2 protein chains.
Amino acid sequence: MSRPTVNDIAREAGVSLATVDRVMNARPGVREKTARRVNEAIERLGYVRDVAAANLARRRAYRLAFVLPDSRTAFMTALRTAIEHAAAVAAHDRTRAEILTVPAFDSTAYARLLDGLPQEGFDGVALMAPETPQVRDAIRRLGEAGLAVVAFVSDQPQAARDRFVGIDNIAAGRTAGMLLGRFVRRADAIVLVVAGSMMSRDHMERRLGFDRVVLERFPGFRVLPSLEGRDDSESLARLLSAALDAQPRIDAVYSLGAGQRGLIETLRRRDPQRRLTVVAHELTPATRGALEDGTIDAVITQDVGHMARSALRVLRAKIDAMPIDPGQEQIRIEILLRENLPPPG
Amino acid sequence: MSRPTVNDIAREAGVSLATVDRVMNARPGVREKTARRVNEAIERLGYVRDVAAANLARRRAYRLAFVLPDSRTAFMTALRTAIEHAAAVAAHDRTRAEILTVPAFDSTAYARLLDGLPQEGFDGVALMAPETPQVRDAIRRLGEAGLAVVAFVSDQPQAARDRFVGIDNIAAGRTAGMLLGRFVRRADAIVLVVAGSMMSRDHMERRLGFDRVVLERFPGFRVLPSLEGRDDSESLARLLSAALDAQPRIDAVYSLGAGQRGLIETLRRRDPQRRLTVVAHELTPATRGALEDGTIDAVITQDVGHMARSALRVLRAKIDAMPIDPGQEQIRIEILLRENLPPPG
DNA sequence: CTCGAAATGAGGGGCGTACCTCAGAAAATC
DNA sequence: GATTTTCTGAGGTACGCCCCTCATTTCGAG
């Protein structure tokens, strides 16, 4: 005997199909007593609505938006590709997801775009945006308009988002710090921190976590003031080169993300014997190559494919008011060495 | 304009619905020329069959089996729980998955069980079994009977499995070796390897990878003959205690998996200052606690939840002859430090 | 050209659910 | 008890696809 259907419920509850339908879809005009009988029958038979059939009948289509900054770092490119891929797969599942792009730090533009989404028929939004009052208010309005909202990659802890899909960047920074600290042999190591841009919350949090762990666990380390390459490989290469000249005894480099290409090229040139211990963020073609040839010792990363799929699943679940599987939606802070690098592609 | 349906295909191809249906479901009685016209129409409109609707109409139900050894290590317990959870979720999706248990190293019992599956109406099997000729032949017969077969956790590279869901244990061993080697401060470290049982392929492969990396990268290390606790915490505790007495200068311990509880308790007692560098496999309540309190420095693990879900997805895809998303099905060799430990549960 | 076989069209019933209408029954109101 | 209001039942149509039957057309062989 297979799963019970609405018909079984109707029979079991001693009511008609129409009544079962009214109860199940919260339509008006059912006495409380009758509704209870139906719900009891559902309980008793262990009925679970066949979501596939329901969606078929409803002709339901989920219309979702990924709202991303227009930044074009390797990480953002990989993220976009992952989202497009996940969206193509989800298209087989009545889900249409589009990427919308906004000037990177323009909160007003974000707010304007978000405010327009309800009228355009979107049911849910995955949002990667700076944490500002304007964005926060726009998120609240989205929620009031009935859209599901997840903060994506970068959290909005103060805002009315339904969930955060991404990693804890403080913990990621701690992880990087611990790894770097244990990889470096000497107790009085000099460490250089390289940042894309400190304007982004992620990088600030990583830095924070890193500093804390160094302070707690490697108090003998000297951490130099951080280099800011403004997400740009060329300027980063120049800055790094200058820093290595100024302080030749640098033992380790921690790269918070963005501009990795310039960093790696400079390291290859300046440190061919790989005396330096290097920990970087984000798996990109550049960091993969550097991991393979030993220029970088470890990469801390987050699986962009997983994040894209997770955002889609979470949004759909929120739209349907269904529970999510926390284990499946937990994005890991991955540590990659050359030895556990997943195959490319 | 939403997705094209079979009706659109029929119209576009200038044939009737019945013919489209015959083509799509490979039913006989269609001239090749006509079939081609239909397929062209499918191409042109970018039609993709609505699998949900198709399954509904077919009343298709996937009946899947997880065939596991009766071993009751913490890892196997976690794995079973993860499978049960994934199966409960998949039940909402016309998929019934059951766990079948076989005496751990009894190839004959495995073969007998596997041979019975086709008659019992199973469509696919995820199999964790020793790699023996008997099992290999049984897998071939399953394939011939039309079942999808994935090797689960432990690969069957010589057998006709459709895929392997699990990690490369040689790489996992290499990862552990690299991590341990870099965490230990001295170049002439003495390393103790602790195994549950060397009978299992996984543990042998990890050992192999570990040894190779130590040989290549840390040639000064001395690796002691390995301790075998036969997957049993108590006997492992005794052995370890004896080994630490015999060689007090041990610097590091590598635990291949199984019997971790005894290991950890002994370490807590014998090494309260955490002088030892310890790398272990599998995230379990015991290793989690040990990571948190610093008894263990790193854990190499594989996400059991991911593996269970992946096996289900892969089996369904194989049964439907649909493509899979390699990125999503890639099981990671995860490195966990205290800093990037995911929340429990 | 004829005949039989093969190919195709037309149509129905069904999968489990949603959503609608209308008539009739039960309950609440006075 | 009559009347209004609220509930409930019966039944239909639809979603996109599967699978079956039967009549009709087309094709190829002789």
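Residues numbered from 1 in each chain as written. Chains lettered and ligands numbered in written order. Predicted model: local features only at pLDDT ≥ 70, side-chain atom pairs only at ≥ 80, totals over all residues. Heavy atoms only, no water.

- Under the annotation held in an unreviewed UniProt entry, chain A carries the name LacI family transcriptional regulator and is attributed to Salinarimonas ramus.

### Section: the side chain of Arg-332 of chain B
- Among the structural elements, Arg-332 of chain B can be located in the loop between helix H14 (326–329) and strand E12 (334–336).
- Reaching out from Arg-332 of chain B, the side chain makes a polar contact with the side chain of Glu-334 of chain A at a distance of 2.8 Å.
- Not counting chain neighbours up to four residues away, the residues in contact with Arg-332 of chain B comprise Asp-303, Glu-334 and Pro-342 of chain A together with Ile-167, Thr-301 and Gln-302 of chain B. (Helix = DSSP H or I, 4+ residues; strand = E, 2+ residues; numbered from the N terminus. Polar contact = N/O pair within 3.5 Å; in protein donor to acceptor, adjacent residues only side chain to side chain. Contact = heavy atoms within 4.5 Å.)

### Observations regarding the interface of chain B and chain A
- Tallying the contact residues gives 44 residues for chain B and 44 residues for chain A.
- With both chains or domains summed, chain B and chain A bury close to 3,700 Å², and 47% of this area falls on carbon and sulfur atoms.
- Contact with chain A buries surface across chain B, with Arg-182, Arg-185 and Glu-339 of chain B losing the most and accounting together for 20% of the total.
- Joining chain B to chain A, the criterion identifies 10 salt bridges.
- Across the salt bridge formed by Arg-332 of chain A and Asp-303 of chain B, the nearest N and O atoms sit 2.8 Å from each other.
- The set of elements that each furnish at least two residues to the side of chain B that touches chain A consists of helix H4 (51–58), helix H8 (169–183), helix H9 (201–217), helix H13 (304–319), H14 and E12 of chain B.
- When grouped by side-chain class, the residues that make up the side of chain B that touches chain A number 17 nonpolar, nine polar and 18 charged. (Buried area = accessible area lost by both parts, 1.4 Å probe. Salt bridge = Lys/Arg side-chain N within 4 Å of Asp/Glu carboxyl O. Nonpolar A, V, L, I, M, F, W, Y, C, P; charged D, E, K, R; others polar.)

### Quick notes on the UniProt feature "domain: HTH lacI-type" (unreviewed entry) in chain A
- UniProt marks residues 4–58 of chain A with the feature "domain: HTH lacI-type" (unreviewed entry), using the numbering shown here.
- Annotated as residues 4–58 of chain A, this span is 69% helix and 0% strand, and its ends, taken at the C-alpha atoms, are 20 Å apart. (UniProt positions renumbered as here; feature names shortened; annotations may be inferred.)

### As for the protein's contact with DNA strand D
- Neighbouring DNA strand D are 29 residues, the closest being Thr-19, Arg-22 and Thr-34 of chain A together with Val-6 and Tyr-47 of chain B.
- Taking all atoms of DNA strand D within 4 Å of the protein, the share assigned to sugar and phosphate is 71%.
- Between DNA strand D and Arg-49 of chain B there is a distance of 2.8 Å, counted from a phosphate oxygen to a side-chain nitrogen or oxygen.
- At the level of elements, helix H2 (17–24) and helix H4 (51–58) of chain A together with helix H2 (17–24) and H4 of chain B are the ones that each hand at least two residues to the surface near DNA strand D.
- Looking at the surface near DNA strand D, the element that brings in the most residues is H4 of chain B, giving five residues.
- By residue class, the composition of the surface near DNA strand D is 12 nonpolar, seven polar and 10 charged. (Near = heavy atom within 4 Å.)

### Side note on a positive patch on the surface
Residues and elements named next belong to chain A.
- Where like charges cluster on the molecular surface, the positive patch consists of Arg-31, Lys-33, Arg-36 and Arg-37.
- Secondary-structure assignment places Lys-33 in helix H3 (residues 32–45).
- Using a relative accessible area of 53% as the deciding quantity, one classes Lys-33 as exposed. (Patch = residues over 30% accessible without salt bridge, like charges linked within 9 Å, V, L, I, M, F, W, Y side chains within 5 Å. Areas by Shrake-Rupley, 256 points an atom, 1.4 Å probe, with all protein chains shown as cover. Lys, Arg positive; Asp, Glu negative; His and termini not counted. Charge placed at Lys NZ, Arg CZ, Asp CG, Glu CD. Buried < 20%, exposed > 50% of the residue type's maximum accessible area, 1.4 Å probe, protein only.)

### Things to note about the relation of the copies chain B and chain A
- The operation relating chain B to chain A is a screw motion whose rotation component is 180°, with 0.0 Å of axial translation and a residual RMSD of 0.2 Å. On the angle and the small slide along the axis, the relation comes out as a two-fold axis.
- Counting the interface residues of chain B, we find that 100% of their copies in chain A are interface residues as well, pointing to one common contact surface. (Least-squares fit on C-alpha atoms with pLDDT ≥ 70 in both.)

### With respect to the protein's contact with DNA strand C
- In the neighbourhood of DNA strand C, 29 residues make up the surrounding shell, with Tyr-47 and Arg-49 of chain A together with Thr-19, Arg-31 and Thr-34 of chain B lying closest.
- Backbone atoms, meaning sugar and phosphate, make up 74% of the atoms of DNA strand C lying within 4 Å of the protein.
- Between DNA strand C and the protein, one listed contact pairs a phosphate oxygen with a backbone N or O atom of Ser-16 of chain B at 2.7 Å.
- Separating a base oxygen of DNA strand C from a backbone N or O atom of Ala-57 of chain B is a distance of 3.2 Å.
- In terms of residue count, the dominant contributor to the surface near DNA strand C is H4 of chain A (five residues).

### Here we look at the sheet that holds strand E1 (residues 62–69) of chain B
All names here are of chain B.
- Ordered in space as E2-E1-E3-E4-E5, the five strands form an open sheet in which the pairing is parallel. At either end of the open sheet lies a strand with only one pairing partner, and these are strand E2 (95–102) and strand E5 (163–165). In this sheet, adjacent strand axes meet at a mean angle of 25° when their direction is disregarded.
- With eight bridges connecting them, E1 and E2 associate as parallel partners. Paired with Tyr-62 across the two strands is Thr-95, which belongs to E2. (Pairing = 2+ DSSP bridges. Axes fitted to C-alpha atoms, helices over the stretch in contact; angles between N-to-C directions.)

### A few points about the pairing of strand E9 (residues 252–255) of chain B
All names here are of chain B.
- Where burial is concerned, the two faces of E9 agree: the one with Ala-252 and Tyr-254 and the one with Val-253 and Ser-255 are both buried.
- Relative to E9, strand E6 (residues 190–195) runs parallel, the two being bridged by four bridges. If you follow Val-194 over to E9, its bridge partner there is Ser-255.
- Inspection of the sheet shows E9 paired to strand E10 (residues 277–281) by four bridges, in the parallel sense. Looking across to E10, one finds that Ser-255 is bridged to Ala-280.
- For the handedness criterion, the β-α-β arrangement of E9, helix H11 (residues 260–270) and E10 is classed as right-handed. (Right-handed = clockwise from strand over helix to strand, strands pointing away.)

### Points about the packing of helix H1 (residues 6–13) of chain B against H2 of chain B
Residues and elements named next belong to chain B.
- Running from N to C, H1 and H2 point in directions that differ by 105°, and their axes come no closer than 9 Å. Taken together, the axis directions place H1 and H2 in an arrangement best described as roughly perpendicular. When H1 is examined against H2, the residues Val-6, Asn-7, Ile-9 and Ala-10 are found in contact with a partner set consisting of Leu-17, Val-20 and Met-24.
- Residue composition of the contact of H1 with H2, grouped by class: six nonpolar, one polar and no charged. (Parallel < 35°, antiparallel > 145°, perpendicular 65-115°, else oblique.)

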